[in-house]
Amino acid sequence: MSEFQDIKIVDMDAEASGNSGEGALKRIVLRLSHLAPVEWASMFDEAWRTHHYMMKRQASVAGNSLTVICNPDDLQGLITELKKVISQTNAAFRQMTSEAEVRAAAAVRKAAEDRQALQDLKGKLNFD
């Protein structure tokens, strides 16, 4: 597995942003530094759902985009909060992938030990 690179907000996609269909609120699409793994996006969505913030709005990640529904005047403060949750998600994802790599390495070692035990058994057998 390649080294996970932290995901960050890098830009606003004005072309993809527009009306939300919710009155004065706009659908703002923020570009992320790179494609978010599906597991990372799920972790972010859950972390955002449970994050406490007075002016919290809908936000979700898909691919390399983070879409929020908000009042444009509140966007900068919202970005500050989103960055906090993104940072927490990066750390949690890094921990999860590190643990998964340890489990995978242990499984590979166990499989090698099992193969060696079978080879040892085979060497002890007499088929004459």
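This is a predicted model, so every value here is computed, not measured.

Enquirer: So, the overall build of the protein: which residues are in play, and what are the values?
Expert: Helices and strands together make up the secondary structure of the protein, namely two helices and five strands. Each helix (α) and strand (β) of the protein, taken in turn from the N terminus, gives the series β-β-β-α-β-β-α. Its C-alpha atoms give the protein a radius of gyration of 23 Å, more than 25% over the compact-globule value 14 Å for 128 residues. Over its C-alpha atoms, taken along the principal directions, the protein stretches across nearly 85 × 30 × 20 Å. Of all 128 residues assigned to the protein, the portion counted as buried reaches 26%.

Enquirer: So what's going on with the packing of aromatic side chains? Residues and values would help.
Expert: Scanning the entire structure with this criterion turns up three aromatic pairs. With centroids separated by 5.8 Å and ring planes inclined at 5 degrees, the aromatic side chains of Trp40 and Phe44 adopt a geometry described as stacked. With a gap of four residues between them, Trp40 and Phe44 both fall in helix 1 (residues 38-50), about one helical turn apart. You'll find Trp40 and Phe44 in the same group, each marked buried.

Enquirer: Provide a residue-level description of the pairing of strand 3 (residues 25-32), including the pertinent values.
Expert: As paired elements, strand 1 (residues 9-12) and strand 3 share three bridges and run antiparallel to each other. By the bridge assignment for strand 3, Ile9 is matched with Leu32. Examined bridge by bridge, strand 2 (residues 18-22) and strand 3 share three bridges and lie antiparallel to one another. Across the sheet, the residue bridging to Glu22 is Leu25, located in strand 3. Two successive antiparallel strands, strand 2 and strand 3, enclose a turn made up of two residues, where Gly23 displays a positive phi of approximately 65 degrees. Where strand 3 lies against strand 5 (residues 65-70), six bridges are found, and the strand directions are antiparallel.

Enquirer: How would you summarise the side chain of Asn90 if you had to cite specific residues and measurements?
Expert: Summarising the element assignment, Asn90 is placed in helix 2 (residues 75-124). Within the local environment of Asn90, its side chain forms a polar contact with the side chain of Trp40, the two groups lying 2.9 Å apart. Not counting the four nearest positions on each side in its chain, Asn90 is found in contact with Phe4, Asp6, Ile7 and Trp40.

Enquirer: Account for helix 1, with residues named and values stated.
Expert: Taking 1.5 Å per residue as the helical rise, helix 1 with its 13 residues ought to reach 18 Å, and the 19 Å between its terminal C-alpha atoms agrees with that figure. Turning to helix 1, its buried residues are Trp40, Ala41, Phe44 and Trp48. Looking straight down helix 1, one finds its buried side chains confined to an arc of 100 degrees; they lie on one side. Summarising the geometry of helix 1, the exposed residues directed more than 90 degrees from the buried face are Val38 and Arg49.

Calculation notes
- Residues numbered from 1 in each chain as written.
- Predicted model: local features only at pLDDT ≥ 70, side-chain atom pairs only at ≥ 80, totals over all residues.
- Heavy atoms only, no water.
- Helix = DSSP H or I, 4+ residues; strand = E, 2+ residues; numbered from the N terminus.
- Rg over C-alpha atoms; globule rule 2.2 N^0.38 Å.
- Buried < 20%, exposed > 50% of the residue type's maximum accessible area, 1.4 Å probe, protein only.
- Phe/Tyr/Trp six-rings, centres within 6.5 Å; stacked < 30°, edge-to-face > 60°.
- Pairing = 2+ DSSP bridges.
- Polar contact = N/O pair within 3.5 Å; in protein donor to acceptor, adjacent residues only side chain to side chain.
- Contact = heavy atoms within 4.5 Å.
- Expected span 1.5 Å × (residues − 1).
- Arc of directions from axis to C-beta.

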